[in-house]
Amino acid sequence: MKKKKTVKILLILIAFIIIAAAIAYFKYEPEKPWLAFYIACCGGVLVVNLIISVIFVSKNFKGKR
């Protein structure tokens, strides 16, 4: 049960970061394209790290009972 809750929280964080990065990108893109690109890259790095965390959480909670 703990695995499902943790994975759900991580997936919600991934969705939130994607939405926030997209909103920030489109807000800053007309004025400062370099800042918009930087925000999009940082959001992408966070999403990739959280996806890797989802994979590790799924593997660690299997088995041993």
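Residues numbered from 1 in each chain as written. Predicted model: local features only at pLDDT ≥ 70, side-chain atom pairs only at ≥ 80, totals over all residues. Heavy atoms only, no water.

Novice: Where do I start with the overall build of the chain in this structure?
Specialist: Helix and strand content of the chain: 2 helices and 0 strands. Counting over 65 residues, the chain shows a buried share of 20%. Residue pairs at least 24 apart in sequence account for 70% of intrachain contacts in the chain once pairs closer than 6 positions are excluded. Roughly 5400 Å² of accessible area belongs to the chain as shown, and the carbon and sulfur atoms make up 72% of that amount. (Helix = DSSP H or I, 4+ residues; strand = E, 2+ residues; numbered from the N terminus. Buried < 20%, exposed > 50% of the residue type's maximum accessible area, 1.4 Å probe, protein only. Contact = heavy atoms within 4.5 Å. Areas by Shrake-Rupley, 256 points an atom, 1.4 Å probe, with all protein chains shown as cover.)

Novice: Looking at this model, I keep getting lost on helix H2 (residues 33-60). Mind explaining?
Specialist: Owing to its 3.6 residues per turn, the α-helix brings residues three or four apart onto one side. The terminal C-alpha atoms of H2, which comprises 28 residues, lie 41 Å apart, in line with the 40 Å expected from a rise of 1.5 Å per residue. Taken residue by residue, H2 has Leu 35, Ala 36, Gly 43, Val 47, Leu 50, Val 54 and Val 57 as its buried positions. (Expected span 1.5 Å × (residues − 1).)

Novice: Hey, could you run me through the nonpolar core in this one?
Specialist: For soluble globular proteins, nonpolar side chains are generally found buried alongside one another. With 8 residues, the main nonpolar core is built from Val 7, Leu 10, Ile 14, Ile 17, Val 47, Leu 50, Val 54 and Val 57. Elements supplying a minimum of two residues to this core: helix H1 (2-28) and H2. Residues in contact with Val 57, not counting those within four places in the same chain, are Lys 3, Thr 6, Val 7 and Leu 10. (Core = buried A, V, L, I, M, F, W, Y, C linked by side-chain atoms within 4.5 Å.)

Novice: Help me understand a nonpolar patch on the surface in this model?
Specialist: A contiguous nonpolar patch, built from Val 48, Ile 51, Ile 52, Ile 55 and Phe 56 and spanning about 440 Å² of accessible area, is present on the exposed surface. The topology assignment puts Ile 51 in helix H2. (Patch = residues over 30% accessible without salt bridge, like charges linked within 9 Å, V, L, I, M, F, W, Y side chains within 5 Å. Salt bridge = Lys/Arg side-chain N within 4 Å of Asp/Glu carboxyl O.)

Novice: Help me understand the environment of Ala 21 in this model?
Specialist: On the secondary structure map, Ala 21 appears in helix H1. A relative accessible area of 15% places Ala 21 in the buried class.

Novice: Just checking my understanding: could you explain the environment of Ile 55 for this structure?
Specialist: Following the sequence through the fold, Ile 55 ends up in helix H2. On the accessibility criterion, Ile 55 (43% relative accessible area) is partly exposed. Remark: the alpha-carbon pair of Ile 55 and Val 7, spanning 48 residues in sequence, is separated by 8.9 Å.

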